[in-house]
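Spelled out from the first residue to the last, the chains are:
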Amino acid sequence: MAKITTIERLGRHEGEKVTLRGWIHRRTSKGKLHFVQLRDGTGYAQCVLFKAGVDPELFEAVGAAGQESSVELTGEVIADERAPGGFELKVSAGRVLQSVHDFPITPKEHGTDFLLARRHLWMRSKRQWAVLRIRDAVITALRSFFDERGFLCVDSPMFTPSACEGTSTLFEVDYFEGEKAYLTQSGQLYAEASAMAFGKVYCFGPTFRAEKSKTRRHLTEFWMLEPEVAFADLDEIMQLAEEMLVHVVKRVLERRRTELETLGRDLSKLECIQGGFPRITYDEASEILVRHPDSDFDPGDDFGAADETILSNMYEQPLMITRYPKEVKAFYMKEDASNPGKVLCVDILAPEGRGEIIGGSQREENLDVLLAAVEKHELPREDFEWYFDLRRFGSVPHSGFGLGLERTVGWICGIEHIREAAPFPRMMTRIRP
Ligand code: 4AD
Ligand code: MG
């Protein structure tokens, strides 16, 4: 019996006989030869069948099998510089598990709607394979970064009784006995409770925004990683965010180079993410925009997507913008004592014109100031009583941020729309499949 292995590990078996199990990605046949480009989820490998080297039934079955037919192929692993991955399989035995012929996604160009409606099959294509494997490496790198620094993963609930990031983007759910619940917009408020219990924590899970925006940066369901650190100020979590992004990019370059190359990503744009991120204030960013011919920015407003594109195009590394006006930010942010009207917050914009991937702040730790903010934002005070307890019992300065996973993956992959960075993207106009 030949050993069963995967394409990713093929190089460790040079000269040995192994079995690969997967699907036919492409096949070209020339009389007495079949070249099968096999995919097994871990990679792509060329498998060669000589008519004289295999059973006639197998040769015929492979010759009749279309794209996405499932197969098991056994043969010797041969080093070949010309083969993608450097190795190919010289097939001596095998079987076709299911022979198929009408796989709807072919090498020709398809429209995005066509592909999105077939996301369950589209994810098998090479580009999607690359993106989703990079997403996996980003997740692993994020978790290892926080784990190595002594953070505890404490997750926040998805059903919540109240808003965290403004009331206009809440998804309402019928809970029990007439009670309304909302899908969480952010795990932050609960992460603050966890930070008071465990010191350094993060939560990582799905978050939901009923955003009526159809931009390439918005999903209605996306994953957010949110660290929260007791005793940390704004500068400390900015430093943390910078080290985290440097770590993630470095790991992806180490572990997913083939996938980045598959996407045609310019690696030099990632290799320069080394730390020392530029830092400017909201006021400095406003001045830049006011003078910019392509911007219709009004000072005092939040930055729009077009403004973020201008700003993030100016630097090679992610750009940190601090101290936004209180009015455009969430109720929990702490005012900057030396800069009244501004809050101790940071938005981090990914380079190459991509825009915000991280939003964070120092939190207001004074109960009375927080009570006034909840009132000003017209939030229901009774739903926040538990949150006020955090300011009643051992309140300390603390800070945190939220990183949008799909936007981060979209930037690292260099893809146009973040919908490709989610396995099954949820948008205003699509919840199927
Ligand atoms: O800036 P946001 O709204 O910040 C918060 O939710 C804070 N409570 C986080 C914290 O301090 N713990 O969202 C954080 C990030 C954004 O920078 C962006 O990357 C992502 O979440 N994000 C979205 N990603 C995809 N689709 C959307 N509709 C998104 N809205 C926010
Ligand atoms: Mg934000």
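Further up the page is the structure itself.
Computed from a predicted structure; not experimentally measured. (Residues numbered from 1 in each chain as written. Chains lettered and ligands numbered in written order. Predicted model: local features only at pLDDT ≥ 70, side-chain atom pairs only at ≥ 80, totals over all residues. Heavy atoms only, no water.)

**Q** I tried to follow the site of ligand 1 on my own but got confused; where do I start?
**A** Around ligand 1, the surrounding shell holds 24 residues, and the nearest of these are Glu 165, Gln 188, Glu 226, Glu 356 and Ile 357. Separating a nitrogen atom of ligand 1 from a side-chain N or O atom of Glu 165 is a distance of 2.7 Å. In this structure, a nitrogen atom belonging to ligand 1 sits 2.9 Å away from a side-chain N or O atom of Ser 186. In isolation ligand 1 has 630 Å² of accessible area, and contact with the protein removes 94% of it. (Near = heavy atom within 4 Å. Polar contact = N/O pair within 3.5 Å; in protein donor to acceptor, adjacent residues only side chain to side chain. Areas by Shrake-Rupley, 256 points an atom, 1.4 Å probe, with all protein chains shown as cover.)

**Q** Help me understand the pairing of strand E5 (residues 70-79) in this model?
**A** Remark: a regular strand shows side chains that alternate across the two faces of the sheet. Bridge count between strand E2 (residues 17-30) and E5: seven bridges; the pairing is antiparallel. In the strand pairing of E5, Arg 21 is matched with Glu 72. Across ten bridges, E5 lies against strand E6 (residues 87-98) in antiparallel orientation. Bridge pairing links Val 77 to Leu 89 in E6. (Pairing = 2+ DSSP bridges. Helix = DSSP H or I, 4+ residues; strand = E, 2+ residues; numbered from the N terminus.)

**Q** Teacher, can you tell me more about the environment of Lys 17 here?
**A** Looking at the element boundaries, Lys 17 is found in strand E2. Judged by its relative accessible area of 52%, Lys 17 falls in the exposed class. Taking the C-alpha atoms as reference points, Lys 17 and Ala 421, 404 residues apart in sequence, are found 37 Å from one another. (Buried < 20%, exposed > 50% of the residue type's maximum accessible area, 1.4 Å probe, protein only.)

**Q** Explanation requested: helix H5 (residues 188-198) in the structure shown.
**A** Within an α-helix, residues lying three or four positions from one another point in the same direction, as the helix has 3.6 residues per turn. Regarding H5, the residues found buried are Gln 188, Leu 189, Ala 191, Glu 192, Ser 194 and Ala 195. Where H5 is buried, its residues contact strand E11 (200-208), strand E12 (221-230), helix H12 (385-392) and strand E17 (398-404). Looking at the residues trailing H5, positive phi occurs at Gly 199, about 90°. (Contact = heavy atoms within 4.5 Å.)

**Q** How do you make sense of the nonpolar core when you look at a structure like this?
**A** Most often, soluble globular proteins keep nonpolar side chains buried together rather than apart. Counting 52 residues, the largest nonpolar core has Val 138, Phe 146, Met 244, Leu 245, Ile 358 and Ile 412 as the members making the most contacts within it. Elements with a contribution of two residues or more to this core: helix H4 (126-148), E11, E12, helix H6 (234-255), strand E15 (345-350), strand E16 (355-362), E17 and helix H13 (405-413). At twelve residues, the largest contribution of residues to this core is made by H6. The contacts of Leu 245, once residues within four sequence positions are left out, are Phe 277, Pro 318, Ile 348, Ile 357, Ile 358, Leu 403 and Trp 411. The next biggest cluster of nonpolar side chains, apart from the first, holds 33 residues, and it includes Cys 164, Ala 285, Ile 321 and Leu 379. (Core = buried A, V, L, I, M, F, W, Y, C linked by side-chain atoms within 4.5 Å.)

**Q** What is the right way to read the pattern of salt bridges from this model?
**A** Should their charged atoms come close, side chains of opposite charge can pair. Per the stated rule, a full pass over the model turns up 30 salt bridges. In this structure, the salt-bridge partner of Arg 216 is Glu 416, at a minimum N-O distance of 3.7 Å. With a gap of 200 residues between them, Arg 216 in the loop between E11 and E12 and Glu 416 in the segment after H13 connect regions that are remote in the sequence. Lys 329 is the partner of Asp 347 in a salt bridge, and the nearest nitrogen-oxygen pair spans 3.2 Å. Taken together, the positions of Asp 347 in strand E15 and Lys 329 in the loop between strand E14 (319-322) and E15 put the pair 18 residues apart, joining distant regions of the chain. (Salt bridge = Lys/Arg side-chain N within 4 Å of Asp/Glu carboxyl O.)

**Q** How should I be thinking about the packing of aromatic side chains in this particular structure?
**A** What describes a pair of aromatic rings is the distance from one ring centre to the other and the angle between the planes of the rings. In this structure the tally under the stated criterion is 17 aromatic pairs. Cluster of aromatic residues (ring-pair linked, three or more members): Tyr 190, Phe 331, Tyr 332, Phe 384, Trp 386 and Tyr 387. Sitting over the face of the ring of Tyr 324, Lys 329 holds its NZ or CZ atom 4.3 Å from the ring centroid. One Lys or Arg, Arg 391, reaches over the ring of Tyr 387 and ends 4.3 Å from the middle of that ring. (Phe/Tyr/Trp six-rings, centres within 6.5 Å; stacked < 30°, edge-to-face > 60°. Lys NZ or Arg CZ within 6 Å of the ring centre and 35° of its normal.)

**Q** Would you take a moment to explain a nonpolar patch on the surface for this structure?
**A** Side chains of Phe 159, Tyr 175 and Phe 176 sit close together on the surface and give an oily, nonpolar patch of about 350 Å² of accessible area. The residue Tyr 175 is located in the loop between strand E9 (171-174) and strand E10 (180-183) in this model. For Tyr 175, a relative accessible area of 37% translates into the label partly exposed. (Patch = residues over 30% accessible without salt bridge, like charges linked within 9 Å, V, L, I, M, F, W, Y side chains within 5 Å.)

**Q** Would you mind showing me how to read the sheet that holds E9 here?
**A** Two pairing modes exist for strands in a sheet, parallel and antiparallel, and in both the strands are linked by backbone hydrogen bonds. What the three strands build is an open sheet, ordered E8-E10-E9; its pairing is antiparallel. Edge positions in the open sheet fall to strand E8 (159-160) and E9, since each of these has one partner strand only. Relative to E10, E8 is paired through two bridges, and the arrangement is antiparallel. Residue Thr 160 lies in a different strand from E10, and its bridge partner there is Tyr 182.

**Q** Looking at this structure, I do not really get the sheet that holds strand E13 (residues 279-281). What am I missing?
**A** Pairing is mixed across the open sheet formed by eight strands, whose spatial order is E7-E11-E12-E17-E16-E15-E14-E13. Sheet topology places strand E7 (152-153) and E13 at the edges, where each strand pairs with a single neighbour. Bridging between E11 and E12 involves nine bridges; their strand directions are antiparallel. Bridge pairing in E12 links Lys 200 to Val 229. Docked against the sheet, H13 engages E11, E12, E15, E16 and E17, running at close to 60° with respect to E17. (Axes fitted to C-alpha atoms, helices over the stretch in contact; angles between N-to-C directions.)

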